[in-house]
There are 2 protein chains.
Amino acid sequence: MKPSSSPPIPLKLATSDATSDATSATKSATKSAGTTPPSAPSKRGGARPGAGRPAGQGRYGEATKPVRLPVSMIDEIMDYVATGGRQPLPLFSCAVAAGFPSPADDHLEGSLDLNDYLVKHPAATFFVRVSGDSMINAGIHEDDILVVDRSIEARHGKIIIAAVDGQLTVKRLHHKSGKTMLMPENDRYEPITISDEASMVIWGVVTNVIHSV
Amino acid sequence: MKPSSSPPIPLKLATSDATSDATSATKSATKSAGTTPPSAPSKRGGARPGAGRPAGQGRYGEATKPVRLPVSMIDEIMDYVATGGRQPLPLFSCAVAAGFPSPADDHLEGSLDLNDYLVKHPAATFFVRVSGDSMINAGIHEDDILVVDRSIEARHGKIIIAAVDGQLTVKRLHHKSGKTMLMPENDRYEPITISDEASMVIWGVVTNVIHSV
DNA sequence: ACTTTTGAATAAAGTACAGTATTCTAATAT
DNA sequence: ATATTAGAATACTGTACTTTATTCAAAAGT
């Protein structure tokens, strides 16, 4: 699928090459000088400094440099470049503005890159799609996507992803007087007591919940 | 693979300049073979097909091609390439596995790229940081980040970002019998009736809520 | 027989170059 | 005076070419 909805790069169509044969034109003019009166050659477009194509008129509005890239990634890279690279999108805030009516800038907090914001440890991060509503009071709903970081230590009170009896669950981890429990946040569910620590494998700590409205 | 099976004639042009002194000296020494016996040159490393550096031994393990890139993005691109390009992280699911104990693969749903998932229209998307708890029952908490898409039509029932009297708010949009209202989802707040449509500017429709646990 | 040395073969990498595209102005035409 | 045109200047672009790096096996050494 090609989600390139916004083409910010103006692609210029290659026109045919009628205009660019300066050399041959000059040559023919020089050659024809013998047959044509010497005054014939047009004298338009005088020689002068400052003529020529201005810089920054290229596809990218700036200088370019050839770089070698693995062939398998070239398409993806071109896409990446065409969409302006990593796209930190603007971040606004609902905070009460100083005066009003308030221009957009009064609300502008800066810009935000989702990957930077949500994925602090790319090699240790994965996602989990939620099923069930056992953590509804923690704001975790069915079909939400959880951002999970394996590199964060699973401490008491953290919301974790754990495999219990081969079943993947999201619960809040409780360590209390030597006992380990997995606490749901929904009155209709009961806490799970972990009698044998070996029967539970903690996959990681939930850092964010992504909910679709 | 390589359409040109015929080996091109390897012509080496002596273009080096810095070494020209030494080279020419050596050359002349070598060339003036009168001094050196013709049998002298070592015969090791015999000529044979199949010798040479194997393909795929380069930095990327595959063929490369020079591509022109805007200079301002080269560093970023090299980073992008070095990290393996866009990194769709694994997505798991809590769904009940067929058997157990269940290996991780039983839960693997695929992979997910956050930007693809959350930002459908990059040019029309921005983020809003939430303040206040007027939408708490919609699962929107203080300091959550909202993903907002300007290109989605603000219909009745959608959660929207609107500027009312210069104040940015998130509410559910109600159109009812010709009246427009902004509905909070928290009993402690009152609906806002929009008497003058001109006093409200709808910025966009909320598509996702990102919550930090 | 085994190890070490050596140069050819070949791929990788970077860059220079030739060809192309574009703009500006003087010369010409209206 | 105004509009049009042609040509020079110069930036953009892709790729061919040079240079560098690496591997392999034959030859030489032990």
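Please refer to the structure higher up on the page.
As the structure is a prediction and not an experimental result, all values here were calculated from the model. (Residues numbered from 1 in each chain as written. Chains lettered and ligands numbered in written order. Predicted model: local features only at pLDDT ≥ 70, side-chain atom pairs only at ≥ 80, totals over all residues. Heavy atoms only, no water.)

*Asks:* Help me out: how do you make sense of the interface of chain A and chain B in this one?
*Replies:* Many descriptions give the size of an interface as the accessible area lost when the pieces come together. Taken together, the contact between chain A and chain B spans 68 residues of the former and 67 residues of the latter. Summed over both sides, the interface between chain A and chain B buries roughly 6,700 Å², with carbon and sulfur atoms accounting for 65% of that surface. Joining chain A to chain B, the criterion identifies two salt bridges. Between Glu109(B) and Arg129(A) there is a salt bridge; the shortest N-O distance is 3.0 Å. Counting across the chain A and chain B interface gives 35 residue pairs in polar contact (both at pLDDT 80 or more). Its residues assigned to classes, the side of chain A that touches chain B shows 41 nonpolar, 19 polar and eight charged. Across three bridges, the pairing between strand E4 (residues 125–129) of chain A and strand E2 (residues 89–93) of chain B is parallel. (Contact = heavy atoms within 4.5 Å. Buried area = accessible area lost by both parts, 1.4 Å probe. Salt bridge = Lys/Arg side-chain N within 4 Å of Asp/Glu carboxyl O. Polar contact = N/O pair within 3.5 Å; in protein donor to acceptor, adjacent residues only side chain to side chain. Nonpolar A, V, L, I, M, F, W, Y, C, P; charged D, E, K, R; others polar. Pairing = 2+ DSSP bridges. Helix = DSSP H or I, 4+ residues; strand = E, 2+ residues; numbered from the N terminus.)

*Asks:* What's the story with the pattern of salt bridges in this structure? I'm lost.
*Replies:* Pairs can form between side chains of opposite charge whenever their charged atoms are close. Residues and elements named next belong to chain A. Per the counting criterion, the structure on display carries twelve salt bridges over all chains. Note that Arg86 is salt-bridged to Asp116, the shortest N-O span being 3.3 Å. Separated by 30 residues along the polypeptide, Arg86 in the loop between helix H2 (71–82) and strand E2 (89–93) and Asp116 in helix H4 (residues 114–118) bring together distant segments of the chain. The network of salt bridges with shared partners includes Arg86, Asp113 and Asp116.

*Asks:* Is there a simple way to explain the packing of H2(A) against helix H2 (residues 71–82) of chain B in this structure?
*Replies:* Pairs of packed helices are described in terms of their axes, by the angle between the two and the distance that separates them. For the pair H2(A) and H2(B), interaxial distance at closest approach is 11 Å and the crossing angle is 135°. Judged on the interaxial angle alone, H2(B) and H2(A) are oblique. In the packing of H2(A) onto H2(B), the handedness of the crossing is right-handed. Here H2(A) contributes Met73(A), Glu76(A), Ile77(A), Tyr80(A) and Val81(A) to the contact with H2(B), which in turn contributes Met73(B), Glu76(B), Ile77(B), Tyr80(B) and Val81(B). Considered class by class, the residues forming the contact of H2(A) with H2(B) number eight nonpolar, no polar and two charged. (Axes fitted to C-alpha atoms, helices over the stretch in contact; angles between N-to-C directions. Parallel < 35°, antiparallel > 145°, perpendicular 65-115°, else oblique. Left-handed = near helix turned anticlockwise from the far one by under 90°.)

*Asks:* Any chance you could explain empty space enclosed by the protein here in plain terms?
*Replies:* The method is simple in principle: a probe with the dimensions of a water molecule rolls over the atoms, and the space it marks as empty is what remains. In this structure the tally under the stated criterion is one cavity of 30 Å³ or more. Its boundaries defined by the atoms lining it, the largest cavity holds a volume of some 50 Å³. Lining the largest cavity, in full, are Gly139(A), His141(A), Val209(A), His211(A), Gly139(B), His141(B), Val209(B) and His211(B). Those elements that provide at least two residues to the lining of the largest cavity are strand E10 (200–212) of chain A together with strand E10 (200–212) of chain B. (1 Å grid on protein atoms, 1.4 Å probe; cavity = no way out; pocket = protein on both sides within 12 Å on 5 of 7 lines; lining within 4 Å. Points joined across faces, edges and corners; volume = space filled by probe spheres on them.)

*Asks:* Looking at this structure, I do not really get the relation of the copies chain A and chain B. What am I missing?
*Replies:* In this arrangement, two copies of a chain are superimposed by a rotation about an axis accompanied by a shift along the axis. Once chain A is rotated about the relating axis by 180° and shifted along it by 0.6 Å, it coincides with chain B to within an RMSD of 0.9 Å. Taken together, the turn and the small shift mark the pair as related by a two-fold rotation axis. In this assembly the copies share their binding face: 97% of the residues contributing to the interface of chain A also contribute to that of chain B. (Least-squares fit on C-alpha atoms with pLDDT ≥ 70 in both.)

*Asks:* Just to check I follow, could you spell out the packing of aromatic side chains for this structure?
*Replies:* For any two aromatic rings, the description comes down to two numbers: the centre-to-centre distance and the angle of the planes. Within the structure shown, the criterion is met by seven aromatic pairs over all chains. Ring geometry for Trp203(A) versus Phe92(B): centroids 5.1 Å apart, planes at 85°, classification edge-to-face. Here Trp203(A), found in strand E10, pairs with Phe92(B), found in strand E2, and the two come from separate chains. Ring centres 6.0 Å apart and planes at 70° place the aromatic pair Phe126(B) and Trp203(B) in the edge-to-face group. (Phe/Tyr/Trp six-rings, centres within 6.5 Å; stacked < 30°, edge-to-face > 60°.)

*Asks:* Please explain the pairing of strand E6 (residues 159–164) of chain A as it appears in this structure.
*Replies:* The two faces of the sheet receive side chains in turn, since in a regular strand these alternate between them. Residues and elements named next belong to chain A. Buried residues dominate E6, accounting for six of its six residues. Here E6 shows two buried faces, one formed by Ile159, Ile161 and Ala163 and the other by Ile160, Ala162 and Val164. Two strands pair when backbone bridges link them, and E6 and strand E7 (residues 167–176) are joined in this way by six bridges, in the antiparallel orientation. Opposite Ile160, over in E7, you have Lys171 as the bridge partner. Relative to E10, E6 is paired through five bridges, and the arrangement is antiparallel. Note on E10: the bridge partner recorded for Ala163 is Val201. (Buried < 20%, exposed > 50% of the residue type's maximum accessible area, 1.4 Å probe, protein only.)

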